[in-house]
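Letter by letter, the chains look like this.
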Amino acid sequence: MTNDRDVLVAAPPRFTSAEAEELAGQIFGITGPATRLGSERDQNYRIDDEHLGSFLLKLSNAAETEVVVECETQALLHIEATDPALPIARPCPADDGRYWTTVEGGDGASHFVRLFTFLEGRHVEAPVLDTRAIHVFGVTLARLGRALRGFFHPGVGRRLLWDEKHAADLRRLLPHIADARRRDLVSRTLDNFDAGVAPGFAALRAQSIHNDLSLDNVLLDDDGRVSGIVDFGDLAHTALVCDLSTTLASLLGGRSDPLEVTAALLAGYDSVTPLEEDEVAVLPGLLGARLSALVAIAAWRVAAFPENEAYITGNVDKAWDLLAWLDSTGHQSLRRRLGVAARPPIPDTEELMARRLGVLGSALAPLSYERPLHLVRGGGPWLFDIHGRAYLDAYNNVPVVGHNHPRVTGAIAKQARALNTNLRYLHGNAVELAERLCASMPDGLDVCMFVNSGSEANDLAWRLATTFTGGSGGIITDYAYHGVTMATADLSPEQWTGGRRPHHVETIPAPDGYAGIHRREDSRVAELYAAHFDDAVDALEKRDVRVAAVYLDAGFTSDGILVPPKEYYGDLVRRTRAAGALFVADEVQAGLGRFGGNQLWGFQAVDVAPDIVTLGKPLGNGHPVAAVVTRHDVVDNFARTTEFFSTFGGNPVACAAGLAVLDVLEDEGLPGRAARTGARLLEALRLLKAKHPSIGEVRGRGLLVGVALVGDGREPNPALAEKISNGMRECGVLVGTTGPHGSVLKVRPPLAFDAEHVDLVTSALDEALQDR
């Protein structure tokens, strides 16, 4: 396998600007002026094509091998496929379809030539970055690591001086450090590495990493966010944590707050990829090795290329200062302090439970599970407790694109730093989000009103419906849930206790064809269930109440997750309108692609067009944003009697979150993934049903799935459901229970769910059922 020593000692290419322009035109069909850019061992030119935009032409060092060029190219293509939002340069194919070719230089040597998209941005010095920007830097670094974790190529196996795994190779360069005290400093630092890091290095998490995400290789936008990641020339298969030590060596330069910087970087990284204790423990040693490489390699290369001394030694003085700080602080002391920075003290679980009860009161819903979870962070479909244990979240629909999605949190942070106000002022975010939501709806649903939660959205829908129809009655299914306000609590029989039944509300049986009052064995099951609507209207009229609205969750999430024939929905909507009422589609749980396929909304999957659609916090991935989408005539009628304004509804930050969620759903193809993963989940659970008679039925659409647990025949078994839910929690998988008896396991994960997660759900359920 090749190493990097030949490349580091070979002279850089010496193509002129005119030659670069000619090569760009002949090979890639890009024409325009060439501007020379800096590089340590290659030659880079910016090419500005008047029609096609700006590009980067890279001419490689003559000592570079084709396996390395291929490795870098394949890595960039892999990242583009796994995290397309990461701001990397995209390789551009030549006219013949290849991503690189060779050209001969004036010295007769052969050089690889490649073209990339050009990334805009600016380089900054470490001292200008605040801790928020450093936190975002950490998030980006972790995302880059996650994007590369499935990548391998023989080129990442070469022996690099820049890979801390090979820190011992630096000792051969010590004679090039002229100052004896500094030479001894590097020697002591490498001794510390040999004693404290090398023995356990092989046990650290390892994968392909960028290995050089320093400020020299990162471009930032005006808000301090990473807008470009460049130079993949040091790709290596090594310990994942080496990405952090490399970045720290750059971010700490010239700073007077090293621990604060480190804490911010680790917190950002940890929010995406939780760090292991062993990784935090070796950071001081890895940082020392990286700094040693910076100064030793620079001393060696200056001797070979004195004309390039300014570029080679640009960061050397800062590196020497950091080495001296590291040496005076002591690796053991710093290790302890970094451990605290990476893992701030967290209250004891029992203590926190007692404090919670004392200040949040007895009316608050109880904690989930017999052994409550004390969670501190999340990422994708995963949640992590105070001990670092990971739990697969197969329950929470609110973080629809995954916990802590960097595009959503980034959009929130960026807008919060700029402005947060209300809709009495003009701002583009609310208008754009409203336009995109209306565009996703059937014709006629063309007005969007913003609020802060699903409860508020359903409350506003109730006001719209009662004003428009003149009625005051509501019809919902037997165990529906539509919110916590006064109006919506009346429409949520799931929450009714003590025989409470509002005078103006009637319920209809949920269309459970498995264990309900009508069974799917009857060909008229859809009509029989829909006909109960007429009974409800008659009951209301006997109390002098005229129906104003019917609320329906297309997934019947609180009624036990049901999948009636499509004819049921159409019949119910027809009867609703015949009674002079409005049909409200509550999409808080079923919407935003959960049913899978090419449509965002649950009502679209069952071929009905509602009068009002309500959306909740999944629209913001958990950030408080919600909406009501309806017709102009409904809103205009409402406006004749009142003015609507929600101080925080539709604020710029909330709408930035909503726009980011819509972007992620589209860019990552999450509705399509929900269809594929949901089909696999249903199939796997139905196979499990054949093994366990206590599984009465598996049903659902996309990633909204119910597992009905039974005793004798089809008798609901809530005790077993509670036991299995707790058993799966002990196996590291979180599900809930639902339905009028609490006998249905509710599997309703974030849409960032894949085949590997399906296997974890089914194996945990299998184990819990065997242990019951």
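Residues numbered from 1 in each chain as written. Predicted model: local features only at pLDDT ≥ 70, side-chain atom pairs only at ≥ 80, totals over all residues. Heavy atoms only, no water.

Trainee: When you look at the nonpolar core in this model, what are you seeing that I'm missing?
Mentor: Looking at soluble globular proteins, one finds that nonpolar side chains tend to be buried together. Leu-437 and Met-728 are the most contacted members of the largest nonpolar core, which has 96 residues in total. In terms of residue count, the dominant contributor to this core is helix 22 (residues 652-667) (11 residues). Those residues in contact with Leu-437 that lie beyond four places of it in its chain are Cys-448, Phe-450, Trp-601, Leu-615, Leu-619, Ala-627 and Leu-662. (Core = buried A, V, L, I, M, F, W, Y, C linked by side-chain atoms within 4.5 Å. Buried < 20%, exposed > 50% of the residue type's maximum accessible area, 1.4 Å probe, protein only. Helix = DSSP H or I, 4+ residues; strand = E, 2+ residues; numbered from the N terminus. Contact = heavy atoms within 4.5 Å.)

Trainee: Quick question: what am I supposed to make of the packing of aromatic side chains here?
Mentor: Here the distance between the centres and the angle between the planes together describe a pair of aromatic rings. Throughout the structure, instances matching the rule amount to 4 aromatic pairs. Pairing Trp-462 with Tyr-551 gives two aromatic rings, centres 6.5 Å apart and planes at 40 degrees, and the pair type is tilted. One end of the pair, Trp-462, is in helix 15 (residues 454-469); the other, Tyr-551, is in strand 17 (residues 547-552), and 89 residues separate them in sequence. Of the residues examined, Trp-462 reaches a relative accessible area of 11% and is grouped as buried. Residue Tyr-551 is classed as buried on the basis of its relative accessible area of 0%. Each ring, one from Phe-556 and one from Tyr-569, has its centre 6.0 Å from the other, and the planes form 45 degrees; the classification is tilted. On the criterion of sequence distance, the pair formed by Phe-556 in the loop between strand 17 and helix 19 (566-578) and Tyr-569 in helix 19 is long-range, its members being 13 residues apart. Like Phe-556, the residue Tyr-569 is buried in the burial classification. (Phe/Tyr/Trp six-rings, centres within 6.5 Å; stacked < 30°, edge-to-face > 60°.)

Trainee: Mind showing me how you'd approach the pattern of salt bridges here?
Mentor: Any two side chains of opposite charge can pair, on the condition that their charged atoms come close. One pass over the structure, following the stated rule, counts 42 salt bridges. The residue Glu-276 makes a salt bridge to Arg-205 at a minimum N-O spacing of 3.5 Å. In this pair, Glu-276 is assigned in the loop between helix 7 (258-272) and helix 8 (277-304) and Arg-205 in the loop between helix 5 (180-196) and strand 7 (206-209), connecting sequence segments 71 residues apart. Taking relative accessible area as the criterion, Glu-276 reaches 37% and is therefore assigned partly exposed. We note a salt bridge from Glu-506 to Arg-543, for which the minimum N-O separation is 3.0 Å. Of this pair, Glu-506 sits in strand 16 (residues 505-508) while Arg-543 sits in the loop between helix 18 (532-542) and strand 17, placing them 37 residues apart in sequence. For Glu-506, a relative accessible area of 12% gives the class buried. Note on Arg-543: relative accessible area 27%, which makes it partly exposed. Each of Asp-534, Asp-571, Arg-574 and Arg-575 takes part in salt bridges that share partners, so that together they form one network. (Salt bridge = Lys/Arg side-chain N within 4 Å of Asp/Glu carboxyl O.)

Trainee: What exactly am I supposed to notice about the packing of helix 13 (residues 406-418) against helix 22 here?
Mentor: When two helices pack together, their arrangement is given by the angle between the helix axes and by the axis-to-axis distance. Viewed as axis vectors pointing N to C, helix 13 and helix 22 meet at an angle of 155 degrees, and their least axial separation amounts to 8 Å. Considered as vectors, helix 13 and helix 22 are oriented roughly antiparallel to each other. The handedness of the crossing between helix 13 and helix 22 comes out as right-handed. Contacts between helix 13 and helix 22 involve Arg-407, Val-408, Ala-411, Ile-412, Gln-415 and Ala-416 from the first element and Pro-652, Val-653, Ala-656, Ala-657, Ala-660, Val-661, Asp-663, Val-664 and Asp-667 from the second. Taken together, the residues of the contact of helix 13 with helix 22 sort by class into 11 nonpolar, 1 polar and 3 charged. (Axes fitted to C-alpha atoms, helices over the stretch in contact; angles between N-to-C directions. Parallel < 35°, antiparallel > 145°, perpendicular 65-115°, else oblique. Left-handed = near helix turned anticlockwise from the far one by under 90°. Nonpolar A, V, L, I, M, F, W, Y, C, P; charged D, E, K, R; others polar.)

Trainee: What is the right way to look at the pairing of strand 25 (residues 744-747) in this model?
Mentor: On any regular strand, side chains alternate: one points to one face of the sheet, the next to the other face. Burial of strand 25 is two-sided: the residues Val-744 and Lys-746 facing one way and the residues Leu-745 and Val-747 facing the other way are all buried. The pairing of strand 22 (residues 704-709) with strand 25 spans 4 bridges and is classified as antiparallel. Counted as the bridge partner of Val-705 is Val-747 from strand 25. Two elements, strand 24 (residues 736-738) and strand 25, share 3 bridges in a ladder whose sense is antiparallel. Bridge pairing links Thr-737 to Leu-745 in strand 25. The turn joining strand 24 and strand 25, which pair antiparallel and follow one another in sequence, is formed by 5 residues; a positive phi near 95 degrees is taken by Gly-739. (Pairing = 2+ DSSP bridges.)

Geometry only, nothing functional implied.
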